[in-house]
Amino acid sequence: MEGERVDYKSSSSAKAPSLDVPPDLTQLSRDTRYVVPGAAVSASSYQVAQPTQTVTTASNAVGDVRIERAGSQRWLVVGRPADKLWTPVRDFWLESGFLLTQDQENLGIMETDYAENRAKLPQDFIRNTLGKVLDSLYSTGERDKFRTRLERRPDGGTEIYISHRGMEEVLTGVKGGAASGDGTIWQPRAPDPELEAEFLRRLMVKLGVTQEQSKALIAAGAAPQQTSRVALLNNLPVVQMDEGFERAWRRVGLALDRTGFTVEDRDRSQGTYFVRYVEPVANKSEPGFFSKLFSSAAATPAPLKYRITLKSEGEKTTVSVLNAQGTPESSANAQRIVQVIADDLK
């Protein structure tokens, strides 16, 4: 994805209709301490002149910033403490055209509101002629939000994860391939790894990497094939990963962020993520990407709390689902959860 094809404008500042999203796609709380007043700044206007430098060899690191990759997942490793990175990362999202709906430094989590990528709007003659006069009449029918998670490393550095969640506006009352005109609803769409990669690249620039270097880092190195699978262990559904704990912990955390779970807390020393999950209900509409997990029906069950645990032996890791009390879970929900995690790890 080309950088110039990303130009976000916050849904809040654009006065777009609020999105009716499943409960577990919403944040735990809203904290507007760091919301800047006035109009949002687009990512394109944020771009500043960077010194041109030719990168002659492919590498995954520049200075104290490097990128790691597994399958479609990418994350940054920065040789600076998390408390020194929080403000620059928060400023990065505000400067990129977003507002923050979650800003919890104690948990290392920040989350943007839903925003529209204005670069996807059609550049036709009328819009080019009248410009912003008719800009509010145009809509892509898509909204994106991003969650950023910072984790401290034992060596004093920080790992930075960016996960994307998307919504799309679809017609309701579609019969025989034609819309009956009943209206529209917003429903989840698949995470976009290329959008995640583009914002990781832009964040590298914010942290001191040049434009050319950031592009080389994103493109460098084919990711090794990683293997994960759903299996039964002692009659319990689990995800088996051919990876050691450190890498498995990073990848499972990013998978949870991507697929709409609400991570309330995490204990890396115990290999446990504490999450909220909404049990799906019957939905007669055509199933979408998240239909096995989340329902857009009006009557949605209350969120349930689970623990996602990782146990490793050498280069093998088993991911299990426990209930809120820490007891192994064998319900249909547990089977759905491990399947969604395994699908995202591919």
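See the structure printed just above.
Let us look at the structure shown here. Every value quoted in this text rests on a predicted model; they were computed, and no experiment measured them.

### With respect to the overall build of the protein chain
Phase 1: Each helix and strand counted, the protein chain has eight helices and 16 strands in total.
Phase 2: When each of the 346 residues of the protein chain is scored for burial, the buried share is 47%.
Phase 3: In the protein chain, of all internal contacts separated by at least 6 residues, the share reaching a separation of at least 24 is 65%.
Phase 4: As presented, the protein chain carries roughly 16,400 Å² of accessible surface, and 51% of it is formed by carbon and sulfur atoms.

### Some details on the side chain of S163
Phase 1: Structurally, S163 can be placed in strand β9 (residues 158-175).
Phase 2: With near-sequence residues (within four places) excluded, S163 lies in contact with K145, F146, R147, E196, L254, D257 and R258.

### A closer look at the pattern of salt bridges
Phase 1: Scanning all chains against the criterion turns up 31 salt bridges.
Phase 2: Across the pair R80 and D64 runs a salt bridge whose closest N-O atoms are separated by 2.7 Å. One end of the pair, R80, is in the loop between β4 (73-78) and α3 (82-95); the other, D64, is in the loop between β2 (61-62) and β3 (65-70), and 16 residues separate them in sequence.
Phase 3: Of the residues examined, R80 reaches a relative accessible area of 24% and is grouped as partly exposed.

### A look at helix α5 (residues 193-206)
Each turn of an α-helix holds 3.6 residues, which means side chains three or four residues apart point in the same direction.
Phase 1: Between the first and last C-alpha of α5 there are 20 Å, a value that for 14 residues agrees with the 20 Å anticipated at 1.5 Å per step.
Phase 2: Summarising burial for α5: 11 of the 14 residues are buried, a large majority.
Phase 3: Those residues of α5 not exposed but buried are L195, E196, A197, E198, F199, L200, R201, R202, L203, M204 and V205.
Phase 4: Measuring from the side-chain oxygen of the N-cap residue of α5 to the backbone nitrogen of E194 gives 2.9 Å; that N-cap residue is D192.
Phase 5: Once α5 ends, the next one or two residues include G208, with phi positive near 115°.

### Points about the packing of helix α7 (residues 245-258) against helix α8 (residues 332-345)
Phase 1: Running from amino to carboxyl end, α7 crosses α8 at an angle of 110°, the nearest separation of the two axes being 9 Å. Our classification of the angle between α7 and α8 gives roughly perpendicular. Of the residues in α8, those touching α7 at R251, V252, A255, L256 and R258 are I341, D344 and L345.
Phase 2: A per-class count over the contact of α7 with α8 returns five nonpolar, no polar and three charged.

### Looking at the sheet that holds strand β13 (residues 262-267)
Phase 1: Ordered by their spatial adjacency, six strands build an open sheet running β11-β12-β16-β15-β14-β13, and the pairing between neighbours is antiparallel. Here the strands that pair on one side only, and so sit at the sheet edges, are β11 (228-233) and β13. With strand direction ignored, the average angle separating the axes of adjacent strands in the sheet is 25°.
Phase 2: In the packing of α7 onto the sheet, the strands contacted are β12 (236-241), β13, β14 (272-277), β15 (304-313) and β16 (316-323), and the crossing angle to β15 comes to about 155°.

Cut-off values and rules
Residues numbered from 1 in each chain as written. Predicted model: local features only at pLDDT ≥ 70, side-chain atom pairs only at ≥ 80, totals over all residues. Heavy atoms only, no water. Helix = DSSP H or I, 4+ residues; strand = E, 2+ residues; numbered from the N terminus. Buried < 20%, exposed > 50% of the residue type's maximum accessible area, 1.4 Å probe, protein only. Contact = heavy atoms within 4.5 Å. Areas by Shrake-Rupley, 256 points an atom, 1.4 Å probe, with all protein chains shown as cover. Salt bridge = Lys/Arg side-chain N within 4 Å of Asp/Glu carboxyl O. Expected span 1.5 Å × (residues − 1). Polar contact = N/O pair within 3.5 Å; in protein donor to acceptor, adjacent residues only side chain to side chain. Axes fitted to C-alpha atoms, helices over the stretch in contact; angles between N-to-C directions. Parallel < 35°, antiparallel > 145°, perpendicular 65-115°, else oblique. Nonpolar A, V, L, I, M, F, W, Y, C, P; charged D, E, K, R; others polar. Pairing = 2+ DSSP bridges.

By themselves, these are just geometric observations and shouldn't be taken as functional.
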